[in-house]
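Next come the chains, spelled out residue by residue.
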Amino acid sequence: EPEVTQTPSHQVTQMGQEVILRCVPISNHLYFYWYRQILGQKVEFLVSFYNNEISEKSEIFDDQFSVERPDGSNFTLKIRSTKLEDSAMYFCASTWDTQYFGPGTRLTVL
Amino acid sequence: AQSVTQLGSHVSVSEGALVLLRCNYSSSVPPYLFWYVQYPNQGLQLLLKYTSAATLVKGINGFEAEFKKSETSFHLTKPSAHMSDAAEYFCAVSESGYNQGGKLIFGQGTELSVKP
(Lines give C-alpha, C1' and ligand atoms only; values in the text may rest on other atoms or scores of the structure.)
Protein backbone atom coordinates (compact mmCIF):
# COMPACT_ATOMS: atom_id res chain seq x y z
CA GLU A 1 0.00 0.00 0.00
CA PRO A 2 1.38 3.45 -0.86
CA GLU A 3 2.41 5.58 2.07
CA VAL A 4 3.71 9.02 2.93
CA THR A 5 7.29 8.94 4.15
CA GLN A 6 9.18 11.53 6.19
CA THR A 7 12.84 12.05 6.99
CA PRO A 8 14.45 12.34 9.40
CA SER A 9 12.40 10.67 12.11
CA HIS A 10 14.10 12.82 14.75
CA GLN A 11 15.99 16.09 14.32
CA VAL A 12 17.84 17.88 17.09
CA THR A 13 19.01 21.43 16.42
CA GLN A 14 20.25 24.50 18.20
CA MET A 15 18.06 27.57 18.54
CA GLY A 16 18.58 29.90 15.58
CA GLN A 17 19.60 27.16 13.18
CA GLU A 18 17.79 26.35 9.95
CA VAL A 19 16.14 22.97 9.55
CA ILE A 20 14.58 21.27 6.56
CA LEU A 21 12.04 18.53 7.08
CA ARG A 22 11.46 16.24 4.16
CA CYS A 23 8.41 14.37 2.96
CA VAL A 24 7.64 12.13 0.03
CA PRO A 25 3.88 12.25 -0.59
CA ILE A 26 1.98 9.49 -2.33
CA SER A 27 2.76 9.78 -6.01
CA ASN A 28 -0.65 10.54 -7.56
CA HIS A 29 -1.80 12.92 -4.85
CA LEU A 30 -2.43 16.56 -5.64
CA TYR A 31 -2.66 18.38 -2.30
CA PHE A 32 0.10 18.36 0.29
CA TYR A 33 0.03 19.55 3.87
CA TRP A 34 2.13 20.16 6.92
CA TYR A 35 0.74 19.89 10.43
CA ARG A 36 2.45 20.03 13.80
CA GLN A 37 1.73 18.60 17.20
CA ILE A 38 3.38 20.15 20.23
CA LEU A 39 3.79 17.57 22.98
CA GLY A 40 0.52 17.05 24.80
CA GLN A 41 -1.44 19.32 22.48
CA LYS A 42 -3.65 18.83 19.47
CA VAL A 43 -2.56 18.50 15.87
CA GLU A 44 -2.50 21.94 14.20
CA PHE A 45 -2.67 22.81 10.53
CA LEU A 46 0.29 24.77 9.17
CA VAL A 47 0.01 24.95 5.40
CA SER A 48 -1.48 23.34 2.32
CA PHE A 49 0.15 23.25 -1.09
CA TYR A 50 -1.33 22.69 -4.51
CA ASN A 51 -0.08 23.14 -8.04
CA ASN A 52 3.30 24.33 -6.80
CA GLU A 53 2.00 27.08 -4.59
CA ILE A 54 0.59 27.60 -1.12
CA SER A 55 -3.19 27.30 -1.16
CA GLU A 56 -3.76 28.09 2.52
CA LYS A 57 -1.67 28.79 5.59
CA SER A 58 -2.39 29.24 9.27
CA GLU A 59 -1.34 32.04 11.60
CA ILE A 60 1.45 29.78 12.83
CA PHE A 61 3.01 29.70 9.37
CA ASP A 62 4.89 32.99 9.53
CA ASP A 63 7.89 34.25 7.57
CA GLN A 64 10.17 31.79 9.36
CA PHE A 65 8.47 28.93 7.56
CA SER A 66 8.56 28.02 3.89
CA VAL A 67 7.53 25.03 1.81
CA GLU A 68 8.81 23.78 -1.46
CA ARG A 69 8.36 20.94 -3.89
CA PRO A 70 11.84 20.93 -5.39
CA ASP A 71 11.23 17.97 -7.68
CA GLY A 72 8.42 15.63 -8.62
CA SER A 73 8.55 13.63 -5.43
CA ASN A 74 9.79 15.61 -2.41
CA PHE A 75 7.88 18.17 -0.35
CA THR A 76 9.88 20.11 2.20
CA LEU A 77 9.22 22.35 5.17
CA LYS A 78 11.98 24.80 6.06
CA ILE A 79 12.23 26.68 9.32
CA ARG A 80 14.78 29.46 8.86
CA SER A 81 15.71 30.30 12.43
CA THR A 82 14.37 27.78 14.90
CA LYS A 83 12.95 28.80 18.27
CA LEU A 84 12.48 26.69 21.37
CA GLU A 85 8.73 26.75 20.76
CA ASP A 86 9.19 25.10 17.37
CA SER A 87 9.89 21.84 19.18
CA ALA A 88 7.10 19.55 18.06
CA MET A 89 6.18 16.57 15.93
CA TYR A 90 5.72 17.66 12.33
CA PHE A 91 3.44 15.62 10.11
CA CYS A 92 3.26 15.70 6.36
CA ALA A 93 0.06 14.61 4.65
CA SER A 94 -1.15 14.22 1.09
CA THR A 95 -4.54 13.62 -0.38
CA TRP A 96 -6.40 12.31 -3.35
CA ASP A 97 -9.68 11.29 -1.78
CA THR A 98 -8.39 10.65 1.71
CA GLN A 99 -5.77 12.54 3.68
CA TYR A 100 -2.85 10.20 4.43
CA PHE A 101 -0.34 11.15 7.08
CA GLY A 102 3.32 10.35 7.33
CA PRO A 103 4.91 8.99 10.53
CA GLY A 104 6.18 12.43 11.52
CA THR A 105 9.49 14.10 12.30
CA ARG A 106 10.17 14.94 15.92
CA LEU A 107 11.98 18.28 16.02
CA THR A 108 13.80 19.18 19.21
CA VAL A 109 15.21 22.70 19.49
CA LEU A 110 17.77 23.18 22.23
CA ALA B 1 -14.84 29.13 12.07
CA GLN B 2 -14.58 25.41 12.42
CA SER B 3 -13.81 23.75 15.72
CA VAL B 4 -13.91 20.34 17.33
CA THR B 5 -14.43 19.44 20.96
CA GLN B 6 -13.64 16.00 22.26
CA LEU B 7 -15.18 15.33 25.64
CA GLY B 8 -12.81 13.46 27.89
CA SER B 9 -9.07 13.57 27.40
CA HIS B 10 -8.79 10.06 28.79
CA VAL B 11 -11.24 7.18 28.60
CA SER B 12 -10.65 3.81 30.22
CA VAL B 13 -12.68 0.68 29.43
CA SER B 14 -12.38 -3.00 30.17
CA GLU B 15 -11.59 -5.45 27.41
CA GLY B 16 -14.87 -6.50 25.77
CA ALA B 17 -16.73 -3.39 26.93
CA LEU B 18 -18.33 -0.75 24.72
CA VAL B 19 -16.09 2.05 23.56
CA LEU B 20 -17.67 5.49 23.24
CA LEU B 21 -15.53 8.50 22.35
CA ARG B 22 -17.37 11.78 22.08
CA CYS B 23 -16.88 14.48 19.47
CA ASN B 24 -18.84 17.66 18.87
CA TYR B 25 -18.10 20.03 16.04
CA SER B 26 -18.85 23.54 14.92
CA SER B 27 -19.00 24.42 11.26
CA SER B 28 -20.69 27.12 9.23
CA VAL B 29 -21.25 24.77 6.28
CA PRO B 30 -22.09 21.08 6.03
CA PRO B 31 -18.97 19.45 7.41
CA TYR B 32 -16.76 16.58 6.46
CA LEU B 33 -15.89 14.66 9.63
CA PHE B 34 -13.13 12.22 10.43
CA TRP B 35 -11.72 10.03 13.15
CA TYR B 36 -8.00 9.30 13.19
CA VAL B 37 -6.07 6.98 15.50
CA GLN B 38 -2.50 7.49 16.62
CA TYR B 39 -0.55 4.62 18.14
CA PRO B 40 2.53 5.47 20.20
CA ASN B 41 5.36 6.91 18.13
CA GLN B 42 3.37 6.56 14.92
CA GLY B 43 1.54 8.85 12.54
CA LEU B 44 -2.19 9.37 12.16
CA GLN B 45 -4.25 6.60 10.59
CA LEU B 46 -7.72 7.23 9.23
CA LEU B 47 -10.39 5.19 11.01
CA LEU B 48 -13.42 6.51 9.16
CA LYS B 49 -14.90 9.55 7.47
CA TYR B 50 -18.29 11.17 6.94
CA THR B 51 -18.75 12.93 3.63
CA SER B 52 -22.53 13.59 3.52
CA ALA B 53 -23.57 10.13 2.40
CA ALA B 54 -24.85 7.71 5.04
CA THR B 55 -25.04 9.16 8.55
CA LEU B 56 -23.79 5.92 10.09
CA VAL B 57 -20.23 5.37 8.96
CA LYS B 58 -18.33 2.14 9.39
CA GLY B 59 -14.57 2.17 9.60
CA ILE B 60 -11.66 -0.11 10.15
CA ASN B 61 -11.09 -2.34 13.18
CA GLY B 62 -14.80 -2.54 14.00
CA PHE B 63 -15.28 1.17 14.72
CA GLU B 64 -18.24 3.19 13.57
CA ALA B 65 -19.52 6.72 14.04
CA GLU B 66 -22.87 8.39 13.61
CA PHE B 67 -23.32 11.90 12.27
CA LYS B 68 -26.10 13.74 14.13
CA LYS B 69 -26.66 17.17 12.68
CA SER B 70 -29.18 18.21 15.33
CA GLU B 71 -26.62 17.48 18.06
CA THR B 72 -23.57 18.57 16.00
CA SER B 73 -21.98 15.32 17.09
CA PHE B 74 -19.91 12.56 15.54
CA HIS B 75 -19.28 10.08 18.34
CA LEU B 76 -17.06 7.06 17.77
CA THR B 77 -18.14 3.65 19.03
CA LYS B 78 -17.00 0.07 19.06
CA PRO B 79 -19.14 -2.67 20.60
CA SER B 80 -16.31 -4.62 22.19
CA ALA B 81 -12.92 -3.17 23.10
CA HIS B 82 -9.73 -5.03 22.40
CA MET B 83 -6.36 -4.47 24.04
CA SER B 84 -4.97 -3.40 20.67
CA ASP B 85 -7.43 -0.47 20.59
CA ALA B 86 -5.38 1.39 23.20
CA ALA B 87 -4.24 4.56 21.43
CA GLU B 88 -4.97 8.27 21.02
CA TYR B 89 -8.06 9.10 18.97
CA PHE B 90 -8.57 12.39 17.17
CA CYS B 91 -11.78 13.78 15.74
CA ALA B 92 -11.35 16.26 12.89
CA VAL B 93 -13.54 18.49 10.73
CA SER B 94 -13.07 19.98 7.30
CA GLU B 95 -15.34 22.46 5.55
CA SER B 96 -14.29 21.37 2.08
CA GLY B 97 -13.71 18.07 0.47
CA TYR B 98 -10.35 16.61 -0.26
CA ASN B 99 -10.57 17.49 -3.92
CA GLN B 100 -10.67 21.12 -2.82
CA GLY B 101 -7.68 20.80 -0.53
CA GLY B 102 -9.63 21.05 2.69
CA LYS B 103 -7.45 21.35 5.77
CA LEU B 104 -8.31 19.34 8.86
CA ILE B 105 -9.12 20.97 12.18
CA PHE B 106 -8.46 18.53 15.00
CA GLY B 107 -9.86 18.10 18.47
CA GLN B 108 -7.62 17.74 21.49
CA GLY B 109 -7.61 13.99 21.31
CA THR B 110 -8.85 11.25 23.62
CA GLU B 111 -6.49 8.66 25.00
CA LEU B 112 -8.19 5.27 25.20
CA SER B 113 -6.91 2.76 27.73
CA VAL B 114 -8.15 -0.84 27.70
CA LYS B 115 -7.90 -2.87 30.90
CA PRO B 116 -7.62 -6.66 30.81
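Now for a description of the structure that goes with this document. (Residues numbered from 1 in each chain as written. Chains lettered and ligands numbered in written order. Predicted model: local features only at pLDDT ≥ 70, side-chain atom pairs only at ≥ 80, totals over all residues. Heavy atoms only, no water.)

Observations concerning the side chain of serine 94 of chain A
Residues and elements named next belong to chain A. Mapped onto the elements, serine 94 comes out in strand 9 (residues 88–95). You can call serine 94 buried: its relative accessible area is 0%. A polar contact is formed between the side chain of serine 94 and the side chain of histidine 29, at a distance of 2.7 Å. If sequence neighbours within four positions are ignored, serine 94 has contacts with Val4, Pro25, Ile26, His29, Tyr31, Phe32, Tyr33, Gln99 and Tyr100. (Helix = DSSP H or I, 4+ residues; strand = E, 2+ residues; numbered from the N terminus. Buried < 20%, exposed > 50% of the residue type's maximum accessible area, 1.4 Å probe, protein only. Polar contact = N/O pair within 3.5 Å; in protein donor to acceptor, adjacent residues only side chain to side chain. Contact = heavy atoms within 4.5 Å.)

A short note on unusual backbone geometry
A cis amide bond links threonine 7 of chain A with the next residue in sequence, proline 8 of chain A, at an omega value of -10°. One non-glycine residue, asparagine 52 of chain A, adopts positive backbone phi at about 65°. For asparagine 52 of chain A, the location among the structural elements is in the loop between strand 5 (43–50) and strand 6 (53–57). The phi dihedral of threonine 72 of chain B falls on the positive side, at around 45°, and the residue is not glycine. Looking at the element boundaries, threonine 72 of chain B is found in the loop between strand 7 (64–68) and strand 8 (73–78). Of the residues examined, threonine 72 of chain B reaches a relative accessible area of 31% and is grouped as partly exposed.

Remarks on the packing of aromatic side chains
If you walk through the whole model with that rule in mind, you get 19 aromatic pairs over all chains. Where phenylalanine 34 of chain B meets tyrosine 36 of chain B, the ring centres are 6.5 Å apart and the plane angle is 40°; that geometry is what we call tilted. Taking the centre distance of 6.2 Å and the plane angle of 90° together, the rings of phenylalanine 90 of chain B and phenylalanine 106 of chain B count as edge-to-face. With phenylalanine 90 of chain B in strand 9 (residues 87–94) and phenylalanine 106 of chain B in strand 10 (residues 105–106), this residue pair connects regions lying 16 residues apart in the sequence. Note on accessibility: phenylalanine 90 of chain B and phenylalanine 106 of chain B belong to one class, buried. Among the aromatic residues, those joined into a ring-pair cluster are Tyr33, Tyr35, Phe45, Phe91 and Phe101 of chain A together with Phe34, Tyr36, Phe90 and Phe106 of chain B. (Phe/Tyr/Trp six-rings, centres within 6.5 Å; stacked < 30°, edge-to-face > 60°.)

Looking at the state of the cysteines
Considering all chains together, one arrives at two disulfides over all chains under this definition. Across the disulfide from cysteine 23 of chain A sits cysteine 92 of chain A; the S-S distance is 1.9 Å. The S-S bond linking cysteine 23 of chain A to cysteine 92 of chain A shows a torsion near -65°; that makes this disulfide left-handed. Of this pair, cysteine 23 of chain A sits in strand 3 (residues 19–24) while cysteine 92 of chain A is found in strand 9, placing the two residues 69 residues apart along the sequence. On the basis of relative accessibility, which here comes to 0%, the residue cysteine 23 of chain A falls in the buried class. Between the sulfur atoms of cysteine 23 of chain B and its disulfide mate cysteine 91 of chain B the distance is 1.9 Å. Every disulfide takes its handedness from the sign of the S-S torsion; for cysteine 23 of chain B and cysteine 91 of chain B that torsion is -65°, giving left-handed. With a gap of 68 residues between them, cysteine 23 of chain B in strand 3 (residues 19–26) and cysteine 91 of chain B in strand 9 connect regions that are remote in the sequence. (Disulfide = S-S within 2.5 Å.)

Spatial relationships are all this shows, so hold off on functional conclusions.
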